[in-house]
Amino acid sequence: MRTAVIQLRSDLSEPIPNRIERAASMVRSQQGADFVILPELWVQGGFAFETFPQTAQSLDGEAVTAIKSAAKEIGAWVHGGSIAEKCGDGKLRNTAFLISPSGELVTTYSKRHLFGFSGGETTVLTAGDEIVSVDLPWGRAGMSICYDVRFPEFYRAQLDQGAEIFLIPSAWPERRIAHWSALTRARAIENQAFVIACNGVGVQGEVSLGGKSVVVDPWGVVLAEAGSDEEVLVVDIDPSLVATTREQFPVLKDRRG
């Protein structure tokens, strides 16, 4: 499973149409990859909450359409990160989306844990209700977004759905990047699963995103980690390592609820 993790720079000074075209171009440049992933809220900006009502898009809008076209062009599965979605019920949600190699929308996941306590996302977004996992050619993958990674029980629920890979797009700030590094590794180790975690970089208002996108194997070994600028990690993943790890060190069989 050749995986391309696109640690995209999203600066709010760049017009959204330009940002969409640049992201789609970076996806198209990953010819030969089996799976590609983008960060959270790369269209609207992870910390531009107050503008979400104006910048949100539907799932048939410009951003998703561009990524669908790019996925079809290179014949790869593409996790489009997430967008501020303008939903049919009039609400806004932080929604991740997965595209097949034929350019079809396969599944979506709306962020269950909204960040901001009494501010931020909680002031403009509606939380999702569903725990989503999806079958890929290499195993079952659990969908989550950024702040979700602080809630280990959420990943246990995905594990119980059969997840072997966790897909985590993010807009994680630089000032808490040590937490990101610790938590992504913890989710891999405790669930004996791959973690593919794609963070953004760039400045959004007064917030600098921290990068450090990472791919972690079921033993907790870091297979690749990005720096703090825009880059693409290309990593070859052996999906059979999940079963091997769980067989050689069967810690999950000792769970007691």
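Going by the structure above, here's the rest.
Residues numbered from 1 in each chain as written. Predicted model: local features only at pLDDT ≥ 70, side-chain atom pairs only at ≥ 80, totals over all residues. Heavy atoms only, no water.

Visitor: So what about the sheet that holds strand β3 (residues 77–86)? Which residues, and what values?
Guide: The six strands are arranged β5-β4-β3-β2-β1-β14 in an open sheet whose pairing can be described as mixed. Two strands bound the open sheet, and with one partner strand each, they are β5 (105–110) and β14 (231–236). Sheet twist, expressed as the mean angle between neighbouring strand axes with direction ignored, is 20°. (Pairing = 2+ DSSP bridges. Helix = DSSP H or I, 4+ residues; strand = E, 2+ residues; numbered from the N terminus. Axes fitted to C-alpha atoms, helices over the stretch in contact; angles between N-to-C directions.)

Visitor: Any details on the environment of N18? Residues and values, ideally.
Guide: As for its placement among the helices and strands, N18 is situated in helix α1 (residues 16–28). A residue is classified by how much of its surface remains accessible, and N18, at 43% relative accessible area, is partly exposed. Spatially, the C-alpha atoms of N18 and V43 are 9.8 Å apart, while their sequence positions differ by 25 residues. (Buried < 20%, exposed > 50% of the residue type's maximum accessible area, 1.4 Å probe, protein only.)

Visitor: Any chance you could break down the packing of aromatic side chains for me, citing the residues and the numbers?
Guide: Taken as a whole and assessed by the stated rule, the structure comprises 10 aromatic pairs. Plain terms: the ring middles of F49 and F52 are 5.9 Å apart, the flat faces sit at 80° to each other, and that makes the pair edge-to-face. A relative accessible area of 14% places F49 in the buried class. With centroids separated by 5.2 Å and ring planes inclined at 90°, the aromatic side chains of Y147 and F151 adopt a geometry described as edge-to-face. Put simply, the rings of Y109, F154, Y155 and F166 pair up and form one aromatic cluster. (Phe/Tyr/Trp six-rings, centres within 6.5 Å; stacked < 30°, edge-to-face > 60°.)

Visitor: Can you lay out helix α5 (residues 177–191) for me, pointing to particular residues and giving the numbers?
Guide: The end-to-end C-alpha separation of α5 is 22 Å, in line with the 21 Å expected for 15 residues at 1.5 Å each. Every buried residue of α5 is listed here: I177, W180, S181, L183, T184, R185, R187, A188 and N191. After α5 finishes, the residue Q192 shows a positive phi value of roughly 50°. (Expected span 1.5 Å × (residues − 1).)

Visitor: Before we move on, can you summarise the nonpolar core with the specific residues and values?
Guide: F35, L167, I168 and I196 are the most contacted members of the largest nonpolar core, which has 44 residues in total. Among the elements that make up this core, the one with the highest residue count is strand β9 (residues 194–199) (five residues). When near neighbours in sequence (up to four residues on either side) are disregarded, L167 contacts F35, I37, H79, A141, G142, M143, S144 and I196. Core analysis: the next-biggest nonpolar cluster, separate from the first, contains 25 residues, I6, M26, W42 and V43 among them. (Core = buried A, V, L, I, M, F, W, Y, C linked by side-chain atoms within 4.5 Å. Contact = heavy atoms within 4.5 Å.)

Visitor: Requested: an account of the packing of α1 against helix α3 (residues 62–74), with residues and values cited.
Guide: For any two helices packed against each other, the geometry is given by the interaxial angle and the distance between the axes. At a minimum axis separation of 9 Å, α1 and α3 run at an interaxial angle of 15°. Viewed along their axes, α1 and α3 adopt a mutual orientation that is roughly parallel. For the pair α1 and α3, the crossing hand works out as right-handed. Side by side, α1 and α3 meet where P17, I20, A24, V27 and R28 of the first sit next to E62, A63, A66, I67, A70, A71, E73 and I74 of the second. (Parallel < 35°, antiparallel > 145°, perpendicular 65-115°, else oblique. Left-handed = near helix turned anticlockwise from the far one by under 90°.)

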